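Okay, here's what each chain looks like letter by letter:
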Amino acid sequence: MKRSLLLGGIFAAGALTMTVAGSQTPAAPRAIDMQKLKDNLYVLTSSTPGNAATFSGGNVAIFITDGGVTLVDTKLAGWGQAVLDKIKTVTNKPVTTIINTHTHGDHTGNNGFFGASVEIIAHENTKTNMEKMDAFKGDNAKFLPKKTYKDKMTVGSGKDRIDLYYFGAGHTSGDTFVVFPALRILHTGDMFAWKDGPLCDRNNGGSCVAFPQTLSKVIASIKEVDTVIPGHSPMQKPQDLQEYQRFTAYLLAYAEEAMKSGKSVDAATAAFSVDRYVGYKKERVKGAIQAVYDELKK
Ligand SMILES: [Zn+2]
């Protein structure tokens, strides 16, 4: 129970909002903040997960191309109109493409809002994970990704080009890293959600054991970047992503050692310090340590 509470911060917020959205419109504020990164790229920012009244879902990138608007992620169900209202303040082009960084409802919740003619793209494992979600069953299966890839895919060309990369398991089994090469911007989805323990969703193939290796591959492969859009935090720099990789590697090594020496998850969490990582929190460390224990027990 404790574990599901810790792991479930984000899911709980999503589940609550979606339950309510099914029957009536929640009496929550429908305002989303928007940040301009470039003339043709804006971010609909993410508020704190856990507050179901104001949590709209993950950071959404709005990329304005010659052919229309591409969205990276679509926030929680019920927030589609708020997303569209913001898009309309910066362009009158229609949304033509959606890229889902991964399966979770706070990133895929408004795929259907933008209509069945929108092209939806995701990693092949994310499509498989999404097929298990109630939100994409029956008639709503038409809002699943139709275009998938395995290792790398390029969409568009020239200034409108987008590169999608997959480097292995981490937050889920299908996390996409989205690069806008002309803008030197990278959207990490929840592979870099916050400065805290990573959420490794083992039910969707996530792995806290693989997490640091996967981030290493990202850092080695994607170099032409100045700005990082994380899953649920303010904008970051490549150095912040590098630091996060070191943090996840440190956390993994710590958990492996603690398990070997027979420490309980609670004891290991209590003795874990984030002091050498400035600005880091410890709210999700227990979930990450638990995930490592569960994986290594197998
Ligand atoms: Zn997620």
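Everything quoted here is computed from the prediction, not taken from an experiment.

Here we look at the packing of aromatic side chains
Part 1: Counting across every chain of the model gives 15 aromatic pairs.
Part 2: With a centroid separation of 5.1 Å and 80 degrees between ring planes, the pair formed by F247 and Y277 is classed as edge-to-face. One end of the pair, F247, is in helix α7 (residues 238-260); the other, Y277, is in the loop between α8 (265-271) and α9 (285-297), and 30 residues separate them in sequence. Residue F247 shares its accessibility class with Y277, and that shared class is buried.

Observations regarding the sheet that holds strand β1 (residues 34-38)
Part 1: In spatial order, the strands read β1-β2-β3-β4-β5-β6-β7; together these seven strands make up an open sheet with mixed pairing. At either end of the open sheet lies a strand with only one pairing partner, and these are β1 and β7 (147-149). On average, each strand axis in the sheet is inclined to that of its neighbour by 20 degrees, with strand direction left out of account.
Part 2: Note: strand β5 (residues 95-99) against strand β6 (residues 119-123), three bridges, orientation parallel.

Digging into the state of the cysteines
Part 1: Evaluation of the coordinates by the stated rule reveals one disulfide.
Part 2: With a sulfur-sulfur separation of 2.0 Å, C200 is cross-linked through a disulfide to C208. Around the S-S axis, the bridge from C200 to C208 shows a dihedral of about 85 degrees and counts as right-handed.

Considering unusual backbone geometry
Part 1: For D73, which is not glycine, the phi torsion reads 75 degrees and is therefore positive.
Part 2: Using a relative accessible area of 0% as the deciding quantity, one classes D73 as buried.
Part 3: Of note, the phi angle at R184 is positive, near 55 degrees, even though the residue is not glycine.
Part 4: Within the secondary structure, R184 sits in the loop between β10 (177-180) and β11 (185-189).
Part 5: Relative accessible area serves as the criterion here: at 31%, R184 is assigned to the partly exposed category.

What counts, and at which threshold
Residues numbered from 1 in each chain as written. Predicted model: local features only at pLDDT ≥ 70, side-chain atom pairs only at ≥ 80, totals over all residues. Heavy atoms only, no water. Phe/Tyr/Trp six-rings, centres within 6.5 Å; stacked < 30°, edge-to-face > 60°. Helix = DSSP H or I, 4+ residues; strand = E, 2+ residues; numbered from the N terminus. Buried < 20%, exposed > 50% of the residue type's maximum accessible area, 1.4 Å probe, protein only. Pairing = 2+ DSSP bridges. Axes fitted to C-alpha atoms, helices over the stretch in contact; angles between N-to-C directions. Disulfide = S-S within 2.5 Å.

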